[in-house]
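Architecture at a glance
Listed below, chain by chain, are the residues.
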Amino acid sequence: MSIENYSLSHLRELEAEAIHIIREVAAEFENPVMLYSIGKDSSVMVRLAEKAFYPGKVPFPLMHIDSKWKFREMIDFRDNYAKEKGWDLIVHYNKEGFESGVGPFTHGSKVHTDIMKTQALLAGLNKHGFDAAFGGARRDEEKSRAKERIFSFRDQFHQWDPKNQRPELWANYNTRVMKGESIRVFPISNWTELDVWQYIRLENIPIVPLYYAKERPVVEYNGALILVDDERMPKELAAKAKMEMVRFRTLGCYPLTGAVRSEADTIEKIVEEMMTTTESERTTRVIDFDQEASMEQKKREGYF
Amino acid sequence: MEDKTKALNIEEFLAQDEKKDLLRLLTAGSVDDGKSTLIGRLLFDSKRLYEDQLVALERDSKRVGHAGEKIDYALLLDGLKAEREQGITIDVAYRYFSTNRRKFIIADTPGHEQYTRNMVTGASTANLAIILVDATKGVITQTKRHTFLISLLGIKHVVLAVNKMDLVDYKQDVFNSICEDYKAFLTRLDIPDVHFIPMSALNGDNVVNLSQNMTWYNGQPILELLETIHVSSDRNFTDLRYPVQYVLRPEHNFRGFSAKVASGIVRKGDELMVLPSRKTSRVKEIVTYDGEQDYAFPPESVTVTLEDEIDISRGDMLVHPHNQPRVERHFEAMLVWMDENEMNPNTNFIIKQTTNLTKARIDKIRYKIDVNSMHRSEVDYFKLNEIGRVVVTTSKTLFFDAYEKNRETGSFILIDPVTHNTCAVGMIIDRVSAEDLPNRISDADRKKVAEGESLVSLKEREAKMQQKGQTIWITGLHGSGKTDVAYMLEKRLFDLGHVTVLLDGNKVRAGLSKELDYSSADRAEHLRRVAEVCRLLNDQGIIVICTFISPLKDIRKQVKKIIGEDRFSLVYMSTDLETSKIHAPELYKLAEEGKLQHLAGVDSPYEIPKNPDVTLDIKTASVESIVEIIQSK
Ligand SMILES: Nc1nc2c(ncn2[C@@H]2O[C@H](COP(=O)(O)OP(=O)(O)O)[C@@H](O)[C@H]2O)c(=O)[nH]1
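1. A few points about the site of the ligand
All names here are of chain B. Taken together, 16 residues are adjacent to the ligand, and Asp32, Lys35, Ser36, Thr37 and Asp166 come closest. The element that contributes the greatest number of residues to the shell around the ligand is helix α3 (residues 35-45), accounting for three residues. In terms of residue class, the shell around the ligand is made up of five nonpolar, six polar and five charged.

2. A word on the sheet that holds strand β23 (residues 470-476) of chain B
Strand pairs in the sheet, formed through backbone hydrogen bonds, run parallel or antiparallel to each other. Residue and element names in this part refer to chain B. In spatial order, the strands read β24-β25-β23-β26-β27; together these five strands make up an open sheet with parallel pairing. Each edge of the sheet is formed by a strand with only one pairing partner; in this case those strands are β24 (500-504) and β27 (614-616). Taken over all neighbouring pairs, the strand axes of this sheet differ in orientation by 20° on average, direction set aside. Of the strand pairs in this sheet, β23 and strand β25 (residues 543-547) are connected by five bridges, and their pairing is parallel. Counterpart to Thr471 in the pairing with β25 is Val544. Across the sheet, helix α14 (residues 520-539) lies against β23, β24 and β25, angled at about 150° from β23, the strand it touches most.

3. What about unusual backbone geometry?
Trans is the common state for peptide bonds, and a negative phi is the common state for residues other than glycine. Cis peptide bonds are those with omega within 30 degrees of zero, and the linkage from Tyr54 of chain A to Pro55 of chain A qualifies with 5°. In this structure, Pro276 of chain B follows Leu275 of chain B across a cis peptide bond, with omega equal to 10°. Mapped onto the elements, Pro276 of chain B comes out in the loop between β11 (271-275) and β12 (280-287). The phi torsion at Trp170 of chain A lies on the positive side, around 50°, for a residue other than glycine. Judged by its relative accessible area of 10%, Trp170 of chain A falls in the buried class. Positive phi, normally seen in glycine, also occurs at Thr354 of chain B, with a value near 40°. Looking at where Thr354 of chain B falls in the secondary structure, it is placed in the loop between β17 (349-353) and β18 (356-369). We classify Thr354 of chain B as buried; its relative accessible area is 16%.

4. Quick notes on the nonpolar core
Residues and elements named next belong to chain B. Ranked by internal contacts, the top residues of the largest apolar core, which has 159 residues, are Ile130 and Ile222. Dropping the residues within four chain positions of it, Ile130 is found in contact with Leu25, Leu26, Thr27, Ala28, Leu38, Val159, Ala161, Ile222 and Leu226. Formed by 20 residues, the second largest nonpolar core is a distinct cluster that contains Phe349, Ile362, Val392 and Cys423.

5. Digging into the sheet that holds strand β8 (residues 224-227) of chain A
Residue and element names in this part refer to chain A. Taken in spatial order, the four strands of this open sheet run β8-β7-β9-β10, and their pairing is antiparallel. Each end of this open sheet is capped by a strand with a single partner; those strands are β8 and β10 (260-261). With two bridges connecting them, strand β9 (residues 242-247) and β10 associate as antiparallel partners. Counted as the bridge partner of Val246 is Arg261 from β10.

6. Focus: the pairing of strand β21 (residues 411-415) of chain B
Residues and elements named next belong to chain B. Within β21, five of the five residues are buried, leaving the element largely enclosed by the surrounding structure. Neither face of β21 is exposed, since Ser411, Ile413 and Ile415 on one face and Phe412 and Leu414 on the opposite face are all buried. Bridge count for β21 against strand β22 (residues 422-429) is five bridges, and the pairing is antiparallel. In the sheet register, Ile415 faces β22, and the bridge partner there is Thr422. Counting the residues that bridge the hairpin from β21 to β22 gives six residues, and of these His420 lies at a positive phi of roughly 65°.

Cut-offs and rules
Residues numbered from 1 in each chain as written. Chains lettered and ligands numbered in written order. Predicted model: local features only at pLDDT ≥ 70, side-chain atom pairs only at ≥ 80, totals over all residues. Heavy atoms only, no water. Near = heavy atom within 4 Å. Helix = DSSP H or I, 4+ residues; strand = E, 2+ residues; numbered from the N terminus. Nonpolar A, V, L, I, M, F, W, Y, C, P; charged D, E, K, R; others polar. Pairing = 2+ DSSP bridges. Axes fitted to C-alpha atoms, helices over the stretch in contact; angles between N-to-C directions. Contact = heavy atoms within 4.5 Å. Buried < 20%, exposed > 50% of the residue type's maximum accessible area, 1.4 Å probe, protein only. Core = buried A, V, L, I, M, F, W, Y, C linked by side-chain atoms within 4.5 Å.

Quick look at the structure:
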């Protein structure tokens, strides 16, 4: 017998922790769902769910809240990948908002995000009566997340009360909720951005090509580089488009997500860029500029 | 700091990063000892702060910072707006940084007096604790409290960081005397590995680099210590505890038991015992998405299949047959009360321990411990942040070890059954065997018993027996078939799984009513006694079947009142006198000959009930309608 090694690398330890969390939810909740945003963090989370129940199938559905302003490449990726993997995927969007033409160019980022993301998410959760929803948020992403529990209790209005969180000790998670209440669960809370990239690399997890640098048509808008993704971009703006080597560090609604000029077209180059970069990930997300504590505000309102 | 990252190409960097292990640490100190400054520095110096975060930092410190013109590292760390406005940190926040040797997760907990809860939370997952002391103040009450909590939570490595050495001119004797004070206090606690570092977080002395101002110090700077300290052997690799978390049955011929290995090593081919069934089998495969494994160790999350088909569900535990945990419902623990609401010791708490969820009762509070003085005192209940030793009884059997031997199986949380809040957390002490634990009857229960109240409620009894305590009272003439119906009913109820008692005139008169005769006064007394017995038995959830002539309305009414209206059903045997006489001729003959008195229907009246619940005849007697009534209650 070979010499046995009883130590795990930090990534394998984080992986084991996440699998434990995911199984705990499947065992203790009646109707859980995994929120799938198509981004890199979600992709890692879904892989962890597949690992948790291997060789069985993931015993809960995935749900994508479609704001109807996502990059087209995201939607293509979602549909192909879900089909290939045989996922039980729910796509939910705010029909009323969509039909009355709500969008970032016309209504501004705040109104758009509230109606097409936050309201849509809450309606989607209510419609299916989910009592637990996995999210791919990480604590190192944003200040208010650093203090949030892995099992984050939400009242019947999906609101988070930062001052009244349940104590969370060891890996002993309190999953009790009353009817109408729910828990948001963040299995990759303890992962950093580097961990996520490293894991994607080691596990060969497919990600939306927008993460890799490529020549793309972009315009300067609200101080960010915005991709001309469809004809809904105002014509006078789209007319200013220039082809540039860019990539995206986060993915969301295309008018609200800024690209960065970059040559990084492999994961290794992305990591290299990230380690030597001078801007943090969140600066490319336009919404965060609105208000200093905007993410905390959003969380209190029920958005992640 | 020497930058090794740059010197590597990206592939080398990633290959190195992939192998790093993880250290989870906790920082504690009282307000203004420099905790935030130290953490900020560790994050800053390990190059985890991106430039724009620094830009945001400068903007922030102008608005709400306390440190005047200087960059305030502490601001990097505060998360929530409300807290920031109050200028305090009120909860546990997690921070991440890495060096080229290790990844770190810091649980940042505030040092305020009232926040034992937060510290205990942060400590529960930490391998190591940094305790800050202000060199100008030395070891203070809070230092002791934090150290006590750290030892309570079983952290094995402590770094005493004596900060603000710049304010005491970097003097060695100041540092030494603080260390001596601390050591004196430590002798009372159980912390195996303690390090002492003189430091100035503000100036960076002994944080990343050894300080030029304290050449007398010949230890490591704090970051180097954190990078090199050996913690993986703190895990328990000896006692296999595999608490089944999830049963995987994707197809008929695959049955896998998923769990996070809590402790010990599980190997392919190992003989395992299942708790609580004590059945044994061998490990067939250890399955993971990434392929089969020959063995699994903590904290891996894997799936095990067994050679034999054994019924196993979530909450069961797989162990080696020769190394078993305690399998008990009764144990002692140190409890930390975490809820704003004070403890009601009579609550039936929900307890979660490994993958088991059941009810728990606090039998006794042995003492409360004052975290500042270590003094013990007697209390009836706990308030927020209070800690003490308790005796617990659970409804289901749990599989556990002492917390000091096994953090995973020795810990539990208590959940309030009404608010569902996590109201307390506990660490099991395994010194006294369950049989020797006193007070199986709790202090609260003792009060109940003294007041004549049972510890088993009617509701619990009825739930267990799956029936409502009630009385079926069969009235009718002598010979009308009451006894036949009663015995048929008794048999039928027995077959249905009910618990019954049957009372008839002969049995009761042979003992309970021995001294009574058949005068109307004595008859009334006789039936009053019977009714009282019915009531007592019904109170315990038992179904009583009574068969008594009970000819008078008033007496039946009184009986009904004693037993309780909603528990009483009257069955009337409507068999006429002639048929009854044919059925049971002896007594009627004696009565007609005048040798027997007071026989209803002969020389005393039988008053036919107006609204019986069931009316039966000797010829058509079927007990099903009575069974229906009983089961519908
Ligand atoms: N002179 C000196 N001041 C320090 C040192 N470390 C922290 N401080 C100051 O002490 C004050 C409290 O520090 P802070 O990190 O906010 O303390 P916390 O409450 O423990 O997080 C701040 O004004 C710091 O600048 C030190 O090593 N030397």
